[in-house]
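Spelled out, the chains give:
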Amino acid sequence: MSGKSYYKIVSVLRQIGFNFYSMSPEEAALSDSRVIITTKEEAKIIGKSDLLFDTDIHKYPSIFKARIIKKLDFDDDANLLLIGIDPGNRIGIFAFYRGYELESTVCNSIDSAINIVVNFLYSIESKKKLVRIGDGNPTVANIIVKGLKQRFGGSMKIELVNEYGTSRYSVSNSSWRRDQDSAKKIALRVGRAI
């Protein structure tokens with residue numbers, strides 16, 4: 001494997017918080033690991049069909065993380081992509097996939113928030129997809145809803161969530177962290193379908 005490919009794989013695995021073992025292609029061929037990440041050239045040596053490739057690494061590392069989680073988790077009842085959005089001047093986004101925390105981020109623009117959510121919804125395979133948006137800033141929430149409905153029509157399940165109390169009792173003094181925490185709480189609250 002080229003040093004560049006190896007560095008790319010290792011960097012993303014560290015960024016998304018996965019422990020891993022480095023193996024030669026020959027060792028990987030004998031391994032019973034559920035997830036093997038390699039290059040297309042080395043795949044011929046490994047000789048297995050269910051591999052992930054360095055070229056699968058998306059510009060959003062969380063999408064690659066979702067692909068790994070899918071390979072590790074065989075429980076189809078947990079096959080849910082759940083996204084919580086805390087609308088405001090800063091937009092908190094929190095995503096769960098198959099019960100695992102996938103992404104926690106804050107955006108400074110509505111367009112960038114919509115783009116992140118749209119990328120998750122298009123790129124992550126899941127039987128059930130649900131977006132929950134807080135109602136604390138109705139103007140921003142409505143713009144996000146319209147943006148998602150323009151791209152997905154009525155096929156996307158969206159709920160509007162009463163976000164009262166989601167910003168309180170945050171363990172962090174950082175406003176960015178509070179927005180992420182609020183988005184997580186919104187994701188876990190049942191809302192009203194819109």
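Above this text you will find the structure in question.
Residues numbered from 1 in each chain as written. Predicted model: local features only at pLDDT ≥ 70, side-chain atom pairs only at ≥ 80, totals over all residues. Heavy atoms only, no water.

Engineer: Would you mind showing me how to read the packing of aromatic side chains here?
Structural biologist: Aromatic ring pairs: the centre-centre distance and the angle between the two ring planes describe each pair. If you walk through the whole model with that rule in mind, you get three aromatic pairs. Here the aromatic rings of Y60 and F120 are separated by 6.3 Å at their centres, their planes lie at 65°, and the arrangement is edge-to-face. You can see Y60 sitting in the loop between strand 2 (52–53) and helix 4 (61–72) and its partner F120 sitting in helix 5 (residues 110–123), a full 60 residues away along the chain. Overall, the relative accessible area of 1% leaves F120 in the buried class. Ring centres of Y122 and F152 lie 4.8 Å apart, and the angle between their planes is 40°; on these two criteria the pair is classed as tilted. Of the two residues, Y122 is situated in helix 5 and F152 in helix 6 (residues 138–152); the sequence distance between them amounts to 30 residues. Y122 gets classed as exposed once you look at its relative accessible area, which sits at 53%. You can call F152 buried: its relative accessible area is 13%. The lysine or arginine in question, K40, covers the ring of F53, its NZ or CZ lying 5.6 Å from the ring centre. (Phe/Tyr/Trp six-rings, centres within 6.5 Å; stacked < 30°, edge-to-face > 60°. Helix = DSSP H or I, 4+ residues; strand = E, 2+ residues; numbered from the N terminus. Buried < 20%, exposed > 50% of the residue type's maximum accessible area, 1.4 Å probe, protein only. Lys NZ or Arg CZ within 6 Å of the ring centre and 35° of its normal.)

Engineer: Mind showing me how you'd approach the sheet that holds strand 8 (residues 192–193) here?
Structural biologist: Pairing between the strands of a sheet comes from backbone hydrogen bonds, and it takes one of two forms, parallel or antiparallel. Across the sheet, six strands lie side by side as 5-4-3-6-7-8; this open sheet has mixed pairing. If you trace the sheet from one side to the other, it starts and ends with strand 5 (100–107) and strand 8, each paired once. In this structure, strand 7 (residues 157–161) lies alongside strand 8, joined through two bridges in antiparallel fashion. Bridging across to strand 8, E159 finds its partner in A193. Against the sheet, helix 6 contacts strand 3 (80–86), strand 4 (91–97), strand 6 (128–134) and strand 7, and its axis sits at roughly 155° relative to strand 6. (Pairing = 2+ DSSP bridges. Contact = heavy atoms within 4.5 Å. Axes fitted to C-alpha atoms, helices over the stretch in contact; angles between N-to-C directions.)

Function cannot be inferred from these measures alone, as they are strictly geometric.
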